[in-house]
Amino acid sequence: MRVWTRLKDELLTVSGARILIGGAIVLFYAFLAVFAPALAPFDPEELGVGPPLQLPDSTYRFGTTYLGYDLFSRTVYGTRIALTVVFLASTMALLAGVPLGLFSGYLGGWFDRVAVLIMDSVYSFPDLILAVVVAAVLGGGVVNAAIAVSVIYVPQYFRVTRNHTLSVREETFVEAARALGASKLDTIRRYIFPNVSQSIPVILTLNSADAILTLAGLSFLGFGITPPKPFWGLDISQAWRYLTLTKEYPQVWWWTAIPGFAIVVLIIGFTLLGEGLNDILNPQLRDSKR
Amino acid sequence: MTCGRTNAGRDQTVLRNQAVLWDESISRDKSVSRDKSVPRGDSVPRDKIVVRGLRKYFPVGGTLLDRILGTQPLVKAVDGVGFTIRDGEVFGLLGESGSGKTTVGRVVLGLEPATDGEVLYEGRPITSGLPRSLRRSLQIIFQDPHASLNPAMTIFQGIEHGLLIHSSLNRAERRERVYAIMEKVGLVPPEVLAHAYPSGLSGGQRQRAVIARAMILGPDFVVADEPVSMLDMSIRARILKLLLDLKDEFGLTYLFITHDLATAKLICSHVGVMYLGQLVEVGPARAIFEEPLHPYTRALIQAVPVPDPARARDKALPHGEIPDGIRPPSGCRFHPRCPEPMPECGWEPRDLQDLIDRRLLELAEAQGRTGPAGFDVRMVEDEANHSLMVANKPALLRLIDAERDRETPLGRAIESVEVGQRSVKVRFRKPVPIPDVSIGDRTVRCLRVARD
Amino acid sequence: MNVEAVKIEAVKAEAVKAGARNVEAATVEPSEFGKETVLSARNLSTYYRTKRRVVKACEAVNLDLYRGEVYSLVGESACGKSTLGATLMNLVPDGTEVTGEIVFRGRNVLTLSKEELRRLRGTEIALIFQDPMTRLDPLMTIEKHFVEALQSHEPISRREAALRGARALDAVGVPPSRLRDYPHQFSGGMRQRIMIALALVFEPVLLVSDEATTSLDVVVQAQILHLMRSLKDRYGLAILNITHDLGVVAEISDKVGVMYGGHVVEQGTALEVFHRPAHPYTGGLLNSVVHMGTTQLSWIDGMPPDLGSPPPGCPYADRCDLESAECHRSFPPESRLSATHRVHCHRVAAGLAQGRDAQ
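Model, not experiment: these values are computed from the prediction.

Here we take up the overall build of chain B. Helix and strand counts for chain B stand at 18 helices and 16 strands. Burial status across chain B gives 53% buried among its 452 residues. Contacts in chain B between residues at least 24 apart in sequence constitute 65% of all its contacts with a sequence separation of at least 6. As displayed, chain B has an accessible area near 19900 Å², and 50% of this comes from carbon and sulfur atoms.

Listed below in structure tokens is the structure:
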């Protein structure tokens with residue numbers, strides 16, 4: 001009961017509103033992804049379900065592409081791919097980056113130095129180029145795209161976790177654990193990790209926003225998700241290629257605008273959610289704002 | 001060979017006995033059974049902890065090159081400390097912050113490796129780290145109850161963890177013990193408080209939880225590092241009482257680290273007064289508080305506020321503050337602050353430097369300048385020759401002459417003053433080492449005491 | 001019955017009508033003879049309103065600060081002493097309900113504008129806190145602190161400002177050569193001295209110290225207390241000293257106010273409060289201090305009341321050994337034991353009434 005009233009108070013603040021709006025957007029996309037088969041009138045991967053370049057109307061609600069794909073079905077199904085890749089990539093990055101950061105920060109020494117060196121070199125690489133390299137090596141497909149995207153984010157989880165670990169390590173209660181005779185693994189698991197983990201949901205959501213953009217970019221460049229899979233970045237890429245050939249831009253606005261809109265709204269959703277969580281989970285920041 | 005085997009055998013028996021004792025650590029008659037392990041009629045208490053020539057240096061700051069080459073400046077946090085704590089004593093380690101008393105406690109517990117020296121627990125060396133089997137015998141209570149409990153663990157989990165590490169008790173047994181120790185330290189009702197997080201507890205309750213966490217392992221030696229200084233006045237007495245009750249009940253030996261001399265006087269049987277990494281006076285508490293011999297001990301006692309406005313008046317306080325331990329003052333480390341110094345206490349060029357610094361405004365005005373900016377004194381210390389080069393300015397010369405004429409300790413420690421064209425070279429006498437003097441069962445490191 | 005008495009009766013009746021809890025407080029206090037009042041508070045209450053409850057952090061407080069006197073507010077944590085300090089400076093957060101009157105040298109603090117208050121606090125009133133590092137900019141030298149502080153209040157050259165800074169540092173025992181140093185290069189005690197020096201350049205009349213010596217070591221604490229005492233004598237400062245440490249109070253105070261549950265339950269000269277404590281809480285608090293003469297530990301059982309839901313009567317009744325039914329019913333009226341010594345306790349009030357009847 002008390003938890004609920006506290007939660008209610010939190011949700012009425014600015015950060016609460018952010019979480020509500022961001023969460024609603026993300027949930028809406030998740031809904032689309034889950035019920036895509038019921039919502040989409042056509043098979044998104046089937047050619048020529050309608051006339052080419054049909055304007056949005058009652059049958060083809062978002063219009064069709066040059067090859068007669070139904071853009072509405074493709075946009076709805078694109079949600080599936082976007083969320084799957086984001087989920088897989090974030091999970092993989094988290095599973096690799098967080099434990100590494102914990103051990104690196106707590107143990108220090110040569111292990112820490114080597115880990116930092118590797119992570120920093122990965123981090124200093126331009127995101128998209130790194131993803132392109134990995135995707136080119138691995139080839140297309142949802143899982144490979146997720147791996148390519150996750151590689152970019154491992155250093156972020158690593159850095160945040162390590163920095164947090166470094167400060168928590170100096171806390172008296174960690175020394176108390178040593179005085180009790182707790183093993184290193186036990187100390188990390190029971191004393192460090194629970195106090196470091198608060199910042200993970202924040203990076204998770206903020207990275208998700210970024211991951212969508214990376215995935216879109218990757219697909220746009222022809223890596224990661226490959227045709228005929230329905231994905232927004234891919235549709236924009238094809239529309240753009242078509243446009244550069246025919247220069248019919250004003251007439252086929254829907255082909256780029258709708259997938260683009262889908263990307264932007266989902267990114268906004270994740271960002272709002274992440275910022276809101278950040279305000280609530282990082283009390284220090286919150287106190288300084290008040 | 002045979003002899004060695006016998007010894008080893010005896011050690012094992014002791015260990016096994018302790019394991020048994022510890023298993024009964026919650027039961028009330030622990031102190032009784034403990035007595036059995038010590039032969040009766042043995043009136044001389046055993047040495048619980050012996051510390052000899054303990055040193056702990058920390059590298060600080062320095063440039064990147066220093067760090068790579070390992071030539072960083074060292075803070076001598078503990079610089080040659082030795083004392084003995086006998087079984088059942090409350091040994092108070094007193095001093096201001098920066099005196100190194102907390103570091104001593106941490107090194108004794110093996111939380112920090114010693115740079116040099118040795119620590120013995122019941123005759124066994126533990127300097128190179130505490131064996132796991134001894135962990136539960138030596139415990140610590142920290143100063144800040146807010147920082148020393150894991151915010152992510154409930155009180156129950158925090159107290160229970162030690163049992164998880166050191167025992168093979170089952171869930172129900174562990175719970176029974178946690179509740180029992182919580183009751184013992186006054187965390188009642190345990191059923192309710194056990195599932196609270198530290199953030200839901202008051203400062204006093206948290207400190208009780210910290211004490212419970214240490215006590216559940218059944219230690220016989222506890223380092224209490226300023227256990228009440230962060231607590232509200234009205235809670236302090238209650239926690240102190242709890243610590244004393246636990247000592248009586250479980251036959252504990254305490255290393256009680258504090259800057260509060262009034263508390264130390266009340267509960268310690270022996271005290272050691274630390275200053276800048278060294279002990280300046282060690283002995284029975286009663287004797288030291290009745291007749292402090294070292295000027296620093298006297299100063300600390302004087303500085304304790306007296307809760308009586310009729311008696312609270314000016315005191316002979318030491319000047320300035322405790323300097324840092326990178327390059328401690330030579331001779332007696334307390335000499336620059338000492339209210340009653342002598343010329344032989346270790347006066348050195350730096351002291352003159354400090355004196356000039358303190359008088360800067362006065363000096364500037366004597367030169368007809370306003371502001372310290374107008375009076376830039378360049379001073380160069382020649383450490384090897386115990387001398388200081390200062391600019392040849394009349395005001396400075398007058399200051400130095402005045403010190404010599406008035407025969408201040410600093411002035412009398414000046415060996416020669418060579419007036420050059422642009423600079424003045426002030427040479428000091430070589431400092432003499434300060435001996436430890438034993439008076440009765442007390443040891444004092446002070447030249448004045450040594451002379452008397 | 002003379003006219004004066006009638007007047008007082010009328011005032012009292014009005015106060016009762018107005019719902020004032022404490023009838024005596026409504027009468028006008030004569031200022032102590034020959035002393036310049038710097039700040040006085042009358043019937044001052046501070047309530048924090050949150051959505052679900054009202055925290056009565058400070059209730060019907062009357063106090064006077066005079067030039068050249070140290071007034072110490074003492075009490076356990078969460079007794080309202082820091083709130084009272086903040087209220088007197090009008091530093092409470094927006095939305096806090098403050099009623100009553102605060103007069104600082106003839107001006108009503110509660111009606112001053114934000115800008116006027118800021119000027120007042122910067123110049124005539126100086127504040128020092130437990131952690132000086134929060135008030136010092138780590139990126140600025142001490143000299144720059146002085147220059148910025150002085151230049152924000154008066155047209156003054158850098159050089160002149162630095163010189164005044166040097167003099168102020170000299171006065172508080174910091175070598176002026178350290179003007180060019182940064183805050184982190186100083187110890188806690190030195191930083192506190194610097195804070196005092198920064199406050200002193202404006203020649204304030206009131207210095208408010210909120211637990212300023214609490215985190216310092218005994219020796220440094222004694223030095224700072226000595227410094228505060230000498231500054232008080234030298235500049236004729238009024239000092240409001242908020243602390244939980246009774247030893248500190250005894251060291252420097254002329255007057256002492258003991259706070260409990262949002263009320264100043266006893267106030268008087270330091271000698272009166274320490275030697276003849278009238279309130280049972282004051283007595284208990286004094287006994288719980290561990291000092292060099294302590295031979296036995298003693299304390300007050302129980303916890304201070306939650307200011308969000310204070311008990312109806314005397315806030316101390318639940319912990320008091322001498323409580324009666326009346327104590328749980330109503331907050332005790334003010335009893336005057338001398339011109340300066342005042343206490344809120346039913347037992348004292350009853351004792352006084354008996355004494356009057358006997359006469």
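Turning to the overall build of chain C, a few remarks are in order. Of regular secondary structure, chain C possesses twelve helices and twelve strands. Looking at chain C as a whole, 56% of its 359 residues qualify as buried. Pairs at least 24 residues apart make up 63% of the contacts formed inside chain C by residues separated by at least 6 positions. As presented, chain C carries roughly 15600 Å² of accessible surface, and 51% of it is formed by carbon and sulfur atoms.

Another point: the interface of chain A and chain B. Facing the 15 residues of chain A at the interface are 23 residues of chain B. Interface area for chain A against chain B, summed over the two sides, is near 1700 Å², with a carbon-plus-sulfur share of 56%. Summed over the three residues of chain A that lose the most area to chain B, namely A179(A), L180(A) and R190(A), the buried surface amounts to 38% of that side. The tally of links from chain A across to chain B stands at one salt bridge. For E175(A), the salt bridge goes to R106(B), with nearest N and O atoms at 2.2 Å. Of all the secondary-structure elements, those providing two or more residues to the side of chain A that touches chain B are α8 (172-180) and α9 (184-196) of chain A. Of the residues that constitute the side of chain A that touches chain B, the class distribution is seven nonpolar, three polar and five charged.

Let's shift gears to the interface of chain B and chain C. Contacts between the two partners involve 48 residues from chain B, matched on the other side by 52 residues from chain C. Here chain B and chain C share an interface that buries about 4300 Å² over both sides, 64% of which is from carbon and sulfur atoms. Taken as a group, M233(B), P307(B) and E321(B) account for 16% of the area that chain B buries against chain C, more than any other trio of residues on that side. Applying the counting rule to chain B against chain C returns zero salt bridges. Run the count over chain B and chain C and you get twelve residue pairs in polar contact (both at pLDDT 80 or more). Of all the elements in the fold, those that place two or more residues in the side of chain B that touches chain C are α10 (233-250), α11 (261-267), α13 (295-303), α14 (349-358) and α15 (360-366) of chain B. In terms of residue count, α10(B) provides more of the side of chain B that touches chain C than any other element does, eight residues in total. Residue classes in the side of chain B that touches chain C are distributed as 24 nonpolar, nine polar and 15 charged.

This part covers the sheet that holds strand β4 (residues 116-121) of chain B. Residues and elements named next belong to chain B. Across the sheet, which stays open at both edges, the four strands sit in the order β2-β1-β4-β5 with antiparallel pairing between neighbours. Here the strands that pair on one side only, and so sit at the sheet edges, are β2 (74-86) and β5 (124-125). Taken together, the ten bridges between strand β1 (residues 47-59) and β2 define a ladder with antiparallel strand orientation. When the bridges of β2 are listed, Y57 appears paired with K76. Helix α4 (residues 101-108) rests against β1, β2 and β4 of the sheet, and its axis sits at about 115° to β1.

In this section: the nonpolar core. In terms of nonpolar packing, the biggest core is built from 158 residues, with F231(A), M182(B), I211(B), L246(B), F289(B), L352(B) and I356(B) touching the most fellow members. Each of two domains, domain 2 (47-290) and domain 3 (347-428) of chain B, supplies a minimum of three residues to this core. Of all hydrophobic cores here, the second largest spans 42 residues; its members include I128(C), L150(C), V174(C) and L225(C).

Residues and elements named next belong to chain A. A surface patch of nonpolar side chains, amounting to about 470 Å² of accessible area, comprises F28, F31, V34, F35 and L39. If one sorts the elements of the nonpolar patch by residue count, helix α2 (residues 14-34) sits on top with three residues. For F28, the location among the structural elements is in helix α2. Judged by relative accessible area, F28 falls into the partly exposed class, the value being 46%.

Next up on the list: the sheet that holds strand β6 (residues 125-129) of chain C. Residue and element names in this part refer to chain C. Across the sheet, which stays open at both edges, the eight strands sit in the order β6-β7-β8-β3-β9-β10-β12-β11 with mixed pairing between neighbours. Where the open sheet ends on each side, the last strands, each with one partner, are β6 and β11 (334-336). Direction aside, the axes of adjacent strands within the sheet are offset by 20° on average. Set on the sheet, helix α6 (residues 188-200) makes contact with β6 and β7 (206-210); between it and β6 the angle comes to about 170°.

What follows is about the confidence of the model for chain C. Residues and elements named next belong to chain C. Per-residue pLDDT for chain C averages 85, and the proportion of residues at 70 or more is 91%. Within chain C, strand β10 (residues 263-269) carries the highest mean pLDDT (95), whereas helix α1 (residues 3-17) carries the lowest (46). Below pLDDT 50 for its whole length, residues 1-8 participates in two contacts with residues either more than four positions away or in separate chains. Taken as a whole, residues 10-30 scores under 50 in pLDDT and shows 21 contacts with residues more than four places along the chain or in a different chain.

Residue and element names in this part refer to chain C. There is a patch of like negative charges on the surface, built from D301, D318, D321 and E323. Among the secondary structure elements, D301 is positioned in the loop between α10 (280-288) and α11 (325-329). Taking the relative accessible area as the measure of exposure, D301 reaches 55% and is therefore exposed.

What follows is about the side chain of R106(B). Mapped onto the fold, R106(B) is located in helix α4. Not counting residues within four places of it along the chain, the set of residues in contact with R106(B) comprises E175(A), L111(B) and E112(B).

A few words now on α14(B). Turning to α14(B), its buried residues are P349(B), R350(B), D351(B), L352(B), L355(B) and I356(B). Of the surrounding secondary structure, the elements contacted by the buried residues of α14(B) are α15, β11 (379-382), β12 (387-391), α16 (394-405), α17 (409-413) and β14 (423-428) of chain B.

All names here are of chain A. Counting across every chain of the model gives 13 aromatic pairs over all chains. Plain terms: the ring middles of F31 and F35 are 5.0 Å apart, the flat faces sit at 50° to each other, and that makes the pair tilted. Given a relative accessible area of 43%, F31 falls into the partly exposed group. Chaining the aromatic ring pairs together yields one cluster made of F28, Y29, F231 and W232. Between R159 and the ring centre of Y123, over which it is positioned, the NZ or CZ distance is 4.0 Å.

Residues and elements named next belong to chain C. Counted residue by residue, strand β2 (residues 54-66) has eleven buried out of 13 residues, so it is predominantly covered. The pairing of strand β1 (residues 37-49) with β2 spans nine bridges and is antiparallel. Opposite L39, over in β2, you have L65 as the bridge partner. Between β1 and β2, which pair antiparallel in sequence order, lie four residues.

In this section: the pairing of strand β10 (residues 278-284) of chain B. Consecutive residues of a regular strand have side chains that alternate between opposite faces of the sheet. Residues and elements named next belong to chain B. Burial analysis of β10 places seven of its seven residues in the buried class, the great majority of the element. Where strand β9 (residues 270-275) lies against β10, six bridges are found, and the strand directions are antiparallel. Residue V271 lies in a different strand from β10, and its bridge partner there is G283.

Cut-off values and rules
- Residues numbered from 1 in each chain as written.
- Chains lettered and ligands numbered in written order.
- Predicted model: local features only at pLDDT ≥ 70, side-chain atom pairs only at ≥ 80, totals over all residues.
- Heavy atoms only, no water.
- Helix = DSSP H or I, 4+ residues; strand = E, 2+ residues; numbered from the N terminus.
- Buried < 20%, exposed > 50% of the residue type's maximum accessible area, 1.4 Å probe, protein only.
- Contact = heavy atoms within 4.5 Å.
- Areas by Shrake-Rupley, 256 points an atom, 1.4 Å probe, with all protein chains shown as cover.
- Buried area = accessible area lost by both parts, 1.4 Å probe.
- Salt bridge = Lys/Arg side-chain N within 4 Å of Asp/Glu carboxyl O.
- Nonpolar A, V, L, I, M, F, W, Y, C, P; charged D, E, K, R; others polar.
- Polar contact = N/O pair within 3.5 Å; in protein donor to acceptor, adjacent residues only side chain to side chain.
- Pairing = 2+ DSSP bridges.
- Axes fitted to C-alpha atoms, helices over the stretch in contact; angles between N-to-C directions.
- Core = buried A, V, L, I, M, F, W, Y, C linked by side-chain atoms within 4.5 Å.
- Domains from an automatic or database assignment.
- Patch = residues over 30% accessible without salt bridge, like charges linked within 9 Å, V, L, I, M, F, W, Y side chains within 5 Å.
- pLDDT = per-residue confidence, 0-100.
- Lys, Arg positive; Asp, Glu negative; His and termini not counted.
- Charge placed at Lys NZ, Arg CZ, Asp CG, Glu CD.
- Phe/Tyr/Trp six-rings, centres within 6.5 Å; stacked < 30°, edge-to-face > 60°.
- Lys NZ or Arg CZ within 6 Å of the ring centre and 35° of its normal.

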